[in-house]
Each structure stands twice: as C-alpha cells, then as structure tokens.
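Here is how the chains run, residue by residue.
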There are 2 protein chains.
Amino acid sequence: MGKEKQYTVLPEGGITTPKGFKAGGLHCGLKKTDRHDLGVIVCDVPAAAAAVYTTNLFQAAPVKVTRDTLSEGGMLRAIVVNSGNANACTGDQGDADARTMQANMAEALGISKNQVAVASTGVIGELLKMDRVNSGIAELPSRVLGDAQGSDDFCQAILTTDLVKKVSCVTLTLDGQQVTIAGAAKGSGMIHPNMATMLGFVTTDAAIGTPLLQELLREVTNVSFNMITVDGDTSTNDMLVAMASGLAGNRELTRNHPDYEAFVQGLRHVCTELAKAIARDGEGATKLIETTVVSAVSDEAAQAIAKTIIGSSLVKSAVYGADANWGRIIAAVGRAGQPVNVGTVDIRLGDIPVLEQSRPVPFDEEMALEYLKTGTIGIHVNLNMGSGTATAWGCDLTYDYVRINAAYRT
Amino acid sequence: MGKEKQYTVLPEGGITTPKGFKAGGLHCGLKKTDRHDLGVIVCDVPAAAAAVYTTNLFQAAPVKVTRDTLSEGGMLRAIVVNSGNANACTGDQGDADARTMQANMAEALGISKNQVAVASTGVIGELLKMDRVNSGIAELPSRVLGDAQGSDDFCQAILTTDLVKKVSCVTLTLDGQQVTIAGAAKGSGMIHPNMATMLGFVTTDAAIGTPLLQELLREVTNVSFNMITVDGDTSTNDMLVAMASGLAGNRELTRNHPDYEAFVQGLRHVCTELAKAIARDGEGATKLIETTVVSAVSDEAAQAIAKTIIGSSLVKSAVYGADANWGRIIAAVGRAGQPVNVGTVDIRLGDIPVLEQSRPVPFDEEMALEYLKTGTIGIHVNLNMGSGTATAWGCDLTYDYVRINAAYRT
C-alpha cells in the first residue's frame, strides 16, 4: 500500500458503534442448543444500502429476497438474520417464508417491508419452522440495544459452528467529522447438510450515496472476502450487506472528496480483518495462511496465483504438518493459468528464503520448522516480472476438517 | 456410449503382451528401501510414439527432454523411467542429467538417443544421484523380459507410495489380425517434498501412424486421465507416452478404417481403467467416487460440472463419512461456471434419488448409509437440459490424506 494509515482501530467497537445503529439477538428455537439463532440490525433512519451475493447459481430464498429488495430502492432500515436453517433448496415455500420473515420484521419494527433485508445460514433443504421464526421476530424489537451488548447478541445469533465471533471497527475523520465503520461476519460453520457459508454485515454512519457504496463494497470485497479460501466451496447463501446511516454529518462522500481515501482504507481494514478472521476460524483450522504474490504481470494474475496456492490441499496439509514444502508451492504457481517466468521465481516462508530464481536455496530446517509451528504462516512469492500484487488468506487442512465434514447426520 | 463392445479384456495381460515389447526394472539406489526404482520399456522395432504432458508451467527436466525428442521424430525404441527423484526444479544440471539418462540408455541398448524417452517421479529440487542411475542403466538391458515378469518389474519400478500396481490390457481385431493394447501407470504417491505425479505408458502392436496416434491419445486422455482428480494439484512431471510397434500386421489405422472404432474403444478402456485405478489409489483414499453428469448443454459443460463435484473437499469428506449430503453436490453444480437450470436438477446416489427437479425427495437414510459404505460410490446428476454427458473419477478425503501430506521431512 505505502500510504499513510488514515484510520484508528477501535478494539472494543462493534456494529452498534456507528451512529444510528442498534442490534439484538435471541434464541427462537432453530438451533438445538439454547444459543441465539435470530438477530437483527436496525437503523434509526433509512440507510444507504449495498450488497454483494454468492455467485452460486443455486441462491437461497433470502438471497433472492434481499437482492430483489435492494434492486428496488437501495435504502434499508433493518437486516434480519437467522442461523440453524439456510432456507436453501426449499422451493416456492422457501421463497414465501423469506418474504414472510421480511414482512413480519417490518411490521414488528413499524417500517416498510422494502426496507428490510433477510439472510439465513444453516441446514439446506429443510423448511424453516416459521412458527418459531415468527415468534422470535415479534420479540426482537424489544431486544435491540445500541450498546456493545446489542452488537454481541447479534454476532452470537449469526454463528453456526464458528468458534469465535468476528467483529471489526475503525474510526476516521471526514470533513472534520468523526466517522465510524464496523462489521460483523460468520464463516465456515457446518450444520448438516450444509456447506461453509459466509455472511457479512457492515454498518457506518458516514454519509455516502447508494451507488458509490455499492461500487466501493464490490471493490473492497474483491481484495478481502473474495481473497479467502477455506475449501473452495461457494455457498448458496453467501451475502455481504452494508448500511450507511449518514448520521456522522460529513459532506456526502464522492471519489473526489478530500478524505475519500481514508474511508476506503477504513472499509478495507474492516473487511480484511473479518475475512482473515473467517480464514483463521475455517473448519478444523489451526493456522492462518497469508499468501502474498508480488511482481506479477498484473494484479489479476497475482490474485489468481495467490488463490491457487492458498487453495492447494497439498500446501494446506504441509502447513498443518509444519513442512517447508516449497515444491508444492511452486507447482501451484505453475498451474494457476497465469503468465510466469519459470526461471525467476523467489519464494520465502516468513523471512526464510527457500527458492531464488526458481532454484532451491539451502535453509535452516530447524528454523523453518519453528516458524511453521506458529499460528500465522506467511508465504511470499516474487515472480520478478511486473508490478501486480495480491494477498490471499486461508487455513491449514487438518484431521479436524475431515472429521467435521465426514460426520454422519445424527 | 451405447455401442457394442468390440474388445476383450485380458486380465493377465501387461505392457509386454503387445508384440515387440519387452520391459524390466531394478533397484539402483534412488529409493531408500530395496524396491525397484529404475525401469525401461523396449521395443524390438522403432515404434510410432505420441505423448501428452503436464500443463504445469514448471516442467521437470525429463518432460522437456521427452518433448524435444518426440518433436523431432516421433519414433521410439525405449522409455527409461526412474522413481525416487523427480528431477524437477533442478536447473541446468537437471536438464543435463536427463539428457545423460537418455544418451546412456541409448548406448546400453545400442540404439539412437533420439529414440529414447525419459520420465521421472519423486522428490523435487534434488539432483539425481547420477552414479547410481548410470550403473542401473548399464545393467537394465540384461534385465528386460518379454513376459509377465518384465511387465511386473517395470510396474514396480515406477511406483512411489502407490499402494498397488496399475496395469490394463485388452485385445481386439483389426483386419482379422489380433491387436493388443496395454498400459501401466503410477498415481498419487508422495516422497517429500513432492506432489502427486501421474505417469502413464501405453504399448500396442497395432499399425498406426504417429499423427493419428497423437490425436487419439489426446482425445482419449480428455475423457480418462483428464477426468480424474485426487486433490486438484497438477504435477511438474505428469506424462503419458504411447508406443505402437505395428507388429500386429493390420493395415495402418486411419479414421476411415472399418475397425477404427474397435481400436478407440480398446484404447479408451485401457486409459480409463488406469485412470480409475489412480483415483481409487489416491493418497489416503478408501473409496472410488464416479460422478456422471447427463443432459448438460454440452459435453464440455458436463465435464466441468463433473470435475467440480469430484474436486469438492466437502463432497469428498461426506463420501468418506458415508453422509448422503446432496446439499454439497448441488452447491458444487451451482458454482461450476456452467449453464444450469436451477429448477430441473435430479441427483441420485447410486440408485437412490435424493433430489428431483431441484427439490429434496425423501429417501431411506439406512439404505443410503449402507450404499455409501461400499467401495465405489456413484453420484449421478441429470440437468435435464441438453445432450452433454461426462464421467469423472475421484476419491474420498480422509484422515490419512492429511496424515500422509502433513508428514515432516525426516
């Protein structure tokens, strides 16, 4: 990046930190345990809204409803989310149920239904228990809070088998006004029959129009959420929704705004931290892998190569085993379908050079082993060709990944 | 297919069964155990030759040497193969070593060096111990045999950590002459640092010109070896070489030959059997998965979808766990990047329908569990769109895959 950091991380912040946002969560009965399984984010005013969705052709009912809703107006007052059931592959009844969630949430909050987004994660192919969902939705407005508890309750409600809540918050200055950006996400959980689902929610009090928010969200997603791989499977339910209340009082953001870069940096930080948290909490993962590719012919080439490395089961297994297996890394570089000069590749594991100009260099095996036993593993590839760069994140492949995903349905 | 089978499987046949071929193997000292690690196939006459190579940009030295050699003439008398060292990422010395293997094998057999192909599999990034290789090559001619023992010795010599030898042989009639086609292969073995390498060798006594043999080998590879996935990693050393001695005495094959189809069928059978054997013997595998996609918009679309399913870690884990997890299958269908009608997908596990017209259908869980505990699992997807079909093969993802590939180098 090289640019000066123009934002401050708020370690205690959450999705209710930006002005105008409240949130809450409760247990309505979709999960077998008593953990929260229904949550809502509410904005005091109509918020500019943008979203990106799964590229899977089989889109769950809530994805279709939210997409339709945002295509009509682009302003949201609320997002209602359930876990425990993905409402995917549920046909016409599933579509109707997602619409009912939207309508009932709107009625309970006294707002228009076209101001409510819907998201779901959990079991595929089963109909929602709508009596439980409806009771929960009716109770949700009395449970929303504008403080850390509200944010925490919401974050709990969107988890499936995620081990940790994922939240990030930064503050920055636009026109001398303090602006806050926050986000919450869930990653690779597994409730059978299901696949890893990513849900992300961004709140900010910045004043920004819907079209620019949509463009920015797409740009930032491409270098954050779209650069993580847990197992290469794209869920039917993946969704990232952003809401901007505008209550910070800044002059509406444009690409020419003098503090535009600060906002982009802040949004990118929030999305990147959430993406890394998802990768680190991948099913069965014990380590975060961060792969950086530099001096590729283009950023796109660097991205493709970084994602091929991070998606290689052989590389992932080697990291789990703390094995400095550069042969698997260069093989991944070579099959990524991108221009590579086969004689000029350098590879480092952390600070340890293992390959220079495509030839192995002697390294201290003990030092490499110690490094590969740490919790965050850096794989650095320099192609020595152009100016394209990219970073991708993933996790190791472990016995537990197989155990979790081989589990019988019982 | 639908066509009558025009060949006969020879269960006891091997690569020395076609007229004109001898083979052998021995231990020269590249493997730490006393197992064979150097082998050769020899033809009594110059054989028409064709090959397909890894698409990985980083091609091992023997791949480059064999490619150069076949581009010059297309006739081979011998193929020399070592296991235990891939001679990959070994720079100029590696190239020179592969050329030395070629030249020394030619000298030992009293033939021209441009009639010798070279293949290697094993450790990446280490130079070959050429004193051992050269001693072995000098001894090889005295060890070649035209019988089952010769074929067996060669098959042993190309294995790394493969659990079983992979060989297939068929016979058929061209112009009333008996023709035999045989093949041997190695699959996903692992000697650190390394990745799965596929080597395949086809021998036949059919009379067929090099150009047609090359075209046919490519066509058949696309529906056999190119339709298997163990872990998605493409090795630096993958190579498939075919030799045709012409000693069966048939009129030279052309696409208009009345028995052309019989030869294609036979070659396809040999390559498919070897491919399936590689998938079944994938690292840590306990089951062969066969995925058939029918009624896609094109064969290419069906191929892409079948390979996406077979490559899904979530699907592979579910098969290991005998879990009838159709949600993961349909999610793989939806992310394959191919045209799919989201309302018309049928999925069967073996004979058990689990999804019809994209909606779950009730099925007997016990029956599904019993089926998924068998050794060969069929996943059948009907898109109900066009006439495109494809079959792909893979294996389950198991604890042992992770164990094997996480191993420390010691």
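Residues numbered from 1 in each chain as written. Chains lettered and ligands numbered in written order. Predicted model: local features only at pLDDT ≥ 70, side-chain atom pairs only at ≥ 80, totals over all residues. Heavy atoms only, no water.

Our next topic: the pattern of salt bridges. All names here are of chain B. One pass over the structure, following the stated rule, counts 24 salt bridges over all chains. A salt bridge links Lys276 to Glu273; its shortest N-O distance comes to 4.0 Å. One end of the pair is Lys276 and the other is Glu273, both in helix H6 (residues 260-280) and 3 residues apart, which spans about a single turn. Residue classification places Lys276 among the partly exposed positions, given a relative accessible area of 22%. (Salt bridge = Lys/Arg side-chain N within 4 Å of Asp/Glu carboxyl O. Helix = DSSP H or I, 4+ residues; strand = E, 2+ residues; numbered from the N terminus. Buried < 20%, exposed > 50% of the residue type's maximum accessible area, 1.4 Å probe, protein only.)

The subject of this paragraph is the sheet that holds strand S16 (residues 388-395) of chain B. All names here are of chain B. Taking strand neighbours across the sheet as the criterion, the 7 strands line up as S9-S16-S11-S15-S12-S13-S14 in an open arrangement whose pairing is mixed. If you trace the sheet from one side to the other, it starts and ends with strand S9 (228-229) and strand S14 (359-360), each paired once. Bridge count between strand S11 (residues 288-296) and strand S15 (residues 376-382): 7 bridges; the pairing is parallel. Residue pairing across strands places Thr291 opposite Ile379, the latter belonging to S15. Seen against the sheet, helix H7 (residues 299-311) touches S9, S11, S15 and S16 and runs at an angle of roughly 20 degrees to S16. Across the face of the sheet, helix H10 (residues 365-372) comes into contact with strand S12 (346-349), strand S13 (352-356) and S15 while running at roughly 120 degrees to S15. (Pairing = 2+ DSSP bridges. Contact = heavy atoms within 4.5 Å. Axes fitted to C-alpha atoms, helices over the stretch in contact; angles between N-to-C directions.)

Residue and element names in this part refer to chain A. Splitting chain A by domain gives domain 1 (8-280) and domain 2 (288-406). Across the boundary between the two partners, domain 1 contributes 14 residues, which contact 19 residues of domain 2. Taken together, both faces of the contact between domain 1 and domain 2 bury some 1300 Å²; the carbon and sulfur share is 60%. Of all residues in domain 1, the largest losses of buried area upon contact with domain 2 belong to Met227, Thr229 and Arg280, amounting jointly to 44% of the total for that side. Counting every contact that joins domain 1 to domain 2 gives 1 salt bridge. Two residues, Lys276 and Glu290, come together in a salt bridge whose shortest N-O distance is 3.9 Å. At the boundary of domain 1 with domain 2, the tally comes to 3 residue pairs in polar contact (both at pLDDT 80 or more). When contributions to the side of domain 1 that touches domain 2 are tallied by element, the ones reaching two or more residues are strand S9 (228-229) and helix H6 (260-280). Looking at side-chain class alone, the side of domain 1 that touches domain 2 contains 6 nonpolar, 5 polar and 3 charged residues. (Domains from an automatic or database assignment. Buried area = accessible area lost by both parts, 1.4 Å probe. Polar contact = N/O pair within 3.5 Å; in protein donor to acceptor, adjacent residues only side chain to side chain. Nonpolar A, V, L, I, M, F, W, Y, C, P; charged D, E, K, R; others polar.)

Another point: the pairing of S12(B). Residues and elements named next belong to chain B. Because side chains alternate across S12, one face comprises the buried residues Ile347 and Leu349, and the other comprises Asp346 and Arg348, none of which is buried. Summarising the sheet, S12 and S15 pair through 4 bridges and their orientation is antiparallel. Bridging from a neighbouring strand, Asp346 pairs with Asn382 of S15. Here 3 bridges tie S12 to S13, and the two strands are oriented antiparallel to one another. Looking at the pairing, Leu349 lines up with Ile352 of S13. From the end of S12 to the start of S13, which pair antiparallel, there are 2 residues, and Gly350 there has a positive phi angle of about 60 degrees.

A separate point is the packing of aromatic side chains. The geometry of two aromatic rings is summed up by the distance between their centres and the angle between their planes. All names here are of chain A. Under the definition given, this model contains 2 aromatic pairs over all chains. When the centroid spacing of 5.4 Å and the interplanar angle of 80 degrees are considered together, the rings of Phe154 and Phe201 count as edge-to-face. Of this pair, Phe154 sits in helix H4 (residues 148-157) while Phe201 sits in strand S8 (residues 199-204), and the two are 47 residues apart along the sequence. Each member of the pair, Phe154 as well as Phe201, is classed as buried. (Phe/Tyr/Trp six-rings, centres within 6.5 Å; stacked < 30°, edge-to-face > 60°.)

Residue and element names in this part refer to chain A. Pairing is mixed across the open sheet formed by 7 strands, whose spatial order is S9-S16-S11-S15-S12-S13-S14. In this open sheet, the two edge strands, each paired with only one partner strand, are S9 and strand S14 (359-360). Across the sheet, H6 touches S9, strand S11 (288-296), strand S15 (376-382) and strand S16 (388-395), and the angle it forms with S16 is around 40 degrees. Here helix H10 (residues 365-372) sits on the sheet in contact with strand S12 (346-349), strand S13 (352-356) and S15, set at roughly 120 degrees to S15.

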